[in-house]
Amino acid sequence: MVFMIYLDNPATTKRKPLSVVTSLTKNTLLNSVNAGRGGHKYSIKGAKIVTDTADKLAKLFKISAPERIAFTQNATLALNMAINGILSQGGHAIVTSMEHNSVLRPVNKLGNYTVVYADNEGYVNPEDIKAAIKDDTKLIVCTHASNVSGSIQPIAEIGKIARANGLIFLVDAAQSAGTVDIDVDAMCIDLLAFSGHKSLLGPLGTGGLYVGERARLEPYITGGTGSLSKSLTQPLTLPDMLHSGTLNTPAIAALGRAVDFILKKGSSKILAHERLLAENLINRLDSIDGVSVLGGRDMNKRNGTVAFTVDGMPSEEVSRILAVQYDIATRGGWHCAYLAHKTLGTARHGAVRAGFSYYNSMYDVRALSYAISDIVKNLRAVHF
Ligand SMILES: Cc1ncc(COP(=O)(O)O)c(C=O)c1O
């Protein structure tokens, strides 16, 4: 069997460590249990799975209080819980133009926000964020790594500005958790939303939200916590406050195995591998006439995501040809981040995105660059 070359990792990583797959299967069979809902051994086991995985994530993100991590089904829910939880009584938010619509739509729905534009390589200037602070600003939201250009934002500098101005700082780590270093205290992060199913290499249906002590959240979803059954109001202790409804215990157990894998391999080594592939791809694409790679060329400020355009062909068409004729999975279009495309100059036709994971190799880089050369050659042949 020939496998498709899978480069849609920023959407979700398709290949997971074997230990993750085994854990998911085993725990589905043996531990499809409701965590902390009773005194029987399965309920106790379920609760232990949840705390064990929180402990591992706390180690990865340098969080000193693991009980302040709540599990969600993805980063979108975590971001909605954070944004609505902080702004429930009103207040202004500052977001950047590199945000995913999992941030932009909730702030837009609430209505009181400012978008700080990044430069045309996708980098936000912290001073621009400082300048956007108003009297009623409560929250700054910034994506750690762009899901379009792969640009990594100066999170620690932005965090310092938030802290100095008494604001809550929410970081969207959907594209960085598991590869780019995160230290919530050193970076002054009050709220950290992450996906479990992307670069953390965990199963689909996993994500989470860390809530630091400065962040006073109103619960976004209420009920079904298992605790305080006699009360008509949501418990305010963490993580129960944010654990409404039955948790996906087998997936959380498997996420724990994914974090074990990352801690063992070393996130910086995984990032170095992905960057090497990305750099090689950028160099190859830069040498093809009519192909433009988005973002800067300083690899220390990028992750393993590369987006590019092909002159004369809409990005969705390039991505379709790659899938149908070359069996290479990329994503064309606007990647749920239209303002990021506006920032990067690709609002009209979007871009083709290829993102590397731990499991990609130089073979995949070569296959994609040969395919793009071919597509460009064929395009020229049609035009002459
Ligand atoms: C930067 C960013 N934020 C948020 C999300 C939403 O993540 P999830 O799919 O886990 O809800 C994504 C997904 O691609 C993303 O790239």
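Just so we're clear, the structure is a prediction, and the values are computed from it rather than from any experiment.

What counts as what
- Residues numbered from 1 in each chain as written.
- Predicted model: local features only at pLDDT ≥ 70, side-chain atom pairs only at ≥ 80, totals over all residues.
- Heavy atoms only, no water.
- Buried < 20%, exposed > 50% of the residue type's maximum accessible area, 1.4 Å probe, protein only.
- Helix = DSSP H or I, 4+ residues; strand = E, 2+ residues; numbered from the N terminus.
- Contact = heavy atoms within 4.5 Å.
- Pairing = 2+ DSSP bridges.
- Axes fitted to C-alpha atoms, helices over the stretch in contact; angles between N-to-C directions.
- Domains from an automatic or database assignment.
- Buried area = accessible area lost by both parts, 1.4 Å probe.
- Polar contact = N/O pair within 3.5 Å; in protein donor to acceptor, adjacent residues only side chain to side chain.
- Nonpolar A, V, L, I, M, F, W, Y, C, P; charged D, E, K, R; others polar.
- Near = heavy atom within 4 Å.
- Areas by Shrake-Rupley, 256 points an atom, 1.4 Å probe, with all protein chains shown as cover.

S.K.: Explain helix α4 (residues 101-110) here, please?
M.R.: One turn of the α-helix equals 3.6 residues, which is why residues spaced by three or four share an orientation. All of the buried residues in α4 are N101, S102, V103, L104, P106 and V107. Where α4 is buried, its residues touch α3 (75-86), β3 (92-96), β4 (113-116), β5 (137-143), β6 (168-172) and α10 (338-344).

S.K.: What am I meant to see in the sheet that holds strand β2 (residues 69-72) here?
M.R.: Sheet strands pair via backbone hydrogen bonds, and the direction of the pair is either parallel or antiparallel. The strand order β2-β8-β7-β6-β5-β3-β4 describes an open sheet built from seven strands, whose pairing is mixed. Looking at which strands have only one partner, the edges of the open sheet turn out to be β2 and β4. Along the sheet, successive strands turn relative to each other by an average axial angle of 15°, direction set aside. Direction of pairing for strand β7 (residues 191-195) relative to strand β8 (residues 207-211): antiparallel, over a ladder of five bridges. Residue pairing for β8: L192 is matched across the bridge by Y210. Packed onto the sheet, α3 meets β2, β5, β6, β7 and β8 and runs at close to 160° relative to β7. Seen against the sheet, α4 touches β3, β4, β5 and β6 and runs at an angle of roughly 155° to β3.

S.K.: Sorry, what's going on with the domain arrangement of the chain here?
M.R.: Interfaces are often described in size by the accessible area the parts lose on coming together. We note that the domain assignment places domain 1 (5-14 + 266-383) and domain 2 (18-265) within the chain. Each of domain 1 and domain 2 has a C-alpha centre, and the two are 28 Å apart. Counting from both sides, the interface comprises 34 residues of domain 1 and, opposite them, 36 residues of domain 2. Counting the surface lost from both domain 1 and domain 2, the interface buries some 2,800 Å², and carbon and sulfur atoms represent 55% of this. Remark: the boundary between domain 1 and domain 2 carries 19 residue pairs in polar contact (both at pLDDT 80 or more). Within the residue set of the side of domain 1 that touches domain 2, elements represented by two or more residues are α8 (267-286), β10 (305-310) and α10. Sort the elements by how many residues they give to the side of domain 1 that touches domain 2 and α8 lands first, with seven residues. Classifying every residue of the side of domain 1 that touches domain 2 gives 13 nonpolar, 13 polar and eight charged.

S.K.: For this particular structure, what's the right way to read the site of the ligand?
M.R.: In the region of the ligand, 15 residues are neighbours, and T76, D172, Q175, S195 and K198 sit closest. With respect to the ligand, the side chain of D172 contributes an N or O atom lying 2.6 Å from a nitrogen atom. Here an oxygen atom of the ligand sits 2.8 Å away from a polar atom, N or O, in the side chain of S195. Relative to its unbound accessible area of 390 Å², the ligand is 90% covered by the protein chains.

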